[in-house]
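# Close look at the chain arrangement
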Amino acid sequence: MTYFLLIIILSLIVFANSLHHTEPSYKKSDNNRLISSLTYYIIIFLIAAVLGLRGNMDEYSKFYILIPKLSDFISNFSIYGENDRFGDIVDTASIIAYEKGFFFTFIISLLKSMNLTSQSILIFFSSTSVLIHGYYFQKFTPYAFIALLFYVSHEITVKEWISIRQALVSALILPSIYLIVNRKKFQFYLLWILGVLIQYINILSIFLIFLNKRYSTKLILTIFVVALFIHFSDLLKLMILNDFVINRLPDFIEKYLIDEVHGKKISIFHLKLFQQILVISFIMLNHERFNQLSSELKYFNILFNTYVLGTILMIIFSNYSIFSLRFNGHFYAVEPILISYLIWYLRPKLFILIIVILFCLSLSYFNYVYLERVSPYQFLIQINSLFLIK
């Protein structure tokens, strides 16, 4: 309940700050702009600090114990053998590198070499992810406060609070979009490689290079029809669960496919999927406004297409919940920005502003109070308890 009360306070700040945006003759003075930006970044840094300094007894804290300092990690690194999965020659740190990502393991090893505690893992991954979101919200939308409110109401509860690797590589979607739109291809590919070496799901980010254009409504609808056909026909399942394919997949992916929890099917009426389809439909139905956003907003096309891609992947891989949710989750770092565009999209702006804020509060209540996705806050990792992790 404490988290929800804090978000109510944040929503009041967001409302007060966004109110002047709804005025027909809106013109922000330099003084107001400075105060607004200062308030925004103070909130961003506070959220980043809260997540980075929390206690966390999960597998990432355990990795800090298992992974050696950088010199030992590099000198003892082994390439896995051909027998079974890794072979007997591979040490624990090398296995973690292959399973979790080489750059991820390198970062932990480097932090350990600097004699930092395991708290530095959370500070590096969770706090950096929050800062990336905050910085690019301001670049992509004039309603950065609205995007921030939506972000802390939902996305942050299933990423930065839970899965710090996925949180960071998902956040990297935003600078990747910025680099693609501004034709900085070398920096994009470099960032893409680093993201893949943190978590392999970032391989999907390569599709971003095809999304910086306006696609016709007819093509988007056709792709959705194909995705729905794959969903109802179980075509993907038939393609994957044959001996030729499944025997060539890594063991951990094979286990996901046959696992009762991770391998279960997601309904086409899944709440998150339904919400995303609703947002996409809402944006596309008003052709005049859709065309206006597409032509006037520099980042709109790639943001919208990225959101569509995540939704389509969620439908196609709906036979396997872990892939469906993670593939979609990787791309919906753009969702708070698109939600903020609704204020730009509709009239009257004040009414829409209130509706969006109430929607964010409903989401936050659902995530923080009803589902209790975030455990009660604990300040700092308890070093004495760290070695009790199994």
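Quick summary incoming for the structure in this document. Model, not experiment: these values are computed from the prediction.

Conventions used here
- Residues numbered from 1 in each chain as written.
- Predicted model: local features only at pLDDT ≥ 70, side-chain atom pairs only at ≥ 80, totals over all residues.
- Heavy atoms only, no water.
- Phe/Tyr/Trp six-rings, centres within 6.5 Å; stacked < 30°, edge-to-face > 60°.
- Helix = DSSP H or I, 4+ residues; strand = E, 2+ residues; numbered from the N terminus.
- Buried < 20%, exposed > 50% of the residue type's maximum accessible area, 1.4 Å probe, protein only.
- Lys NZ or Arg CZ within 6 Å of the ring centre and 35° of its normal.
- Axes fitted to C-alpha atoms, helices over the stretch in contact; angles between N-to-C directions.
- Parallel < 35°, antiparallel > 145°, perpendicular 65-115°, else oblique.
- Left-handed = near helix turned anticlockwise from the far one by under 90°.
- Contact = heavy atoms within 4.5 Å.
- Expected span 1.5 Å × (residues − 1).
- Arc of directions from axis to C-beta.
- Salt bridge = Lys/Arg side-chain N within 4 Å of Asp/Glu carboxyl O.
- Core = buried A, V, L, I, M, F, W, Y, C linked by side-chain atoms within 4.5 Å.

## A few points about the packing of aromatic side chains
Inspection of every chain in the model, using the stated rule, returns 26 aromatic pairs. When the ring of Y136 is compared with that of F140, the centres are 5.8 Å apart and the planes differ by 40°; the resulting orientation is tilted. With a gap of 4 residues between them, Y136 and F140 both fall in helix α7 (residues 119-140), about one helical turn apart. Judged by its relative accessible area of 13%, Y136 falls in the buried class. For F140, a relative accessible area of 5% translates into the label buried. A connected cluster of aromatic rings, assembled from ring pairs, spans Y135, Y136, F140, Y178 and Y299. Lying over the aromatic face of Y64, K112 brings its terminal NZ or CZ to 5.2 Å of the ring centre. Directly above the ring of F104 sits R165, whose terminal nitrogen or CZ lies 5.4 Å from the centroid.

## Regarding the packing of helix α1 (residues 2-18) against helix α8 (residues 144-158)
Two numbers describe a pair of packed helices, the interaxial angle and the distance between the axes. Where α1 contacts α8, the two axes come as close as 9 Å, and the packing angle between them is 165°. The angle between the axes of α1 and α8 places the two elements in the roughly antiparallel class. Our pair here, α1 against α8, has a crossing hand that is left-handed. Packed against α1, whose contacting residues are I7, L10, S11, I13, V14, N17 and S18, the element α8 presents F145, I146, L149, V152 and S153 at the interface.

## A few points about α1
When the terminal C-alpha atoms of α1 are compared, their 24 Å separation across 17 residues agrees well with the 24 Å that a helix rising 1.5 Å per residue should span. Of all the residues in α1, the buried ones are Y3, F4, I7, L10, S11, V14, N17 and S18. Buried residues of α1 fall within an arc of 130° about the axis and therefore sit on the same side. Opposite the buried face of α1, at more than 90 degrees from it, the exposed residues are T2, L12 and A16.

## Considerations on the pattern of salt bridges
Inspection of the entire model under this criterion finds 3 salt bridges. Here E155 and K159 are joined by a salt bridge, their closest N and O atoms 3.2 Å apart. Like E155, the residue K159 is buried in the burial classification.

## Here's the deal with the environment of L257
Summarising the element assignment, L257 is placed in helix α15 (residues 251-258). The spatial distance from the C-alpha of L257 to the C-alpha of I322 is 8.9 Å, given a sequence separation of 65 residues.

## A closer look at the nonpolar core
Judged by nonpolar contacts, the single largest core of 114 residues is most densely connected at F140, I177 and F304. Other than its neighbours up to four places away in sequence, I177 contacts F140, L208, Y299, I302, L303, T306 and V334.

## What about helix α17 (residues 287-296)?
Of the residues making up α17, those classed as buried are R289, F290, L293 and S294. All buried residues of α17 project into a common sector of 135° when viewed along the axis, lining one side. Opposite the packed face of α17, turned more than 90 degrees from it, sit the exposed residues E288, S295 and E296. Packed against the buried residues of α17 are α12 (217-233), α16 (271-285), α18 (300-316) and α20 (335-345).

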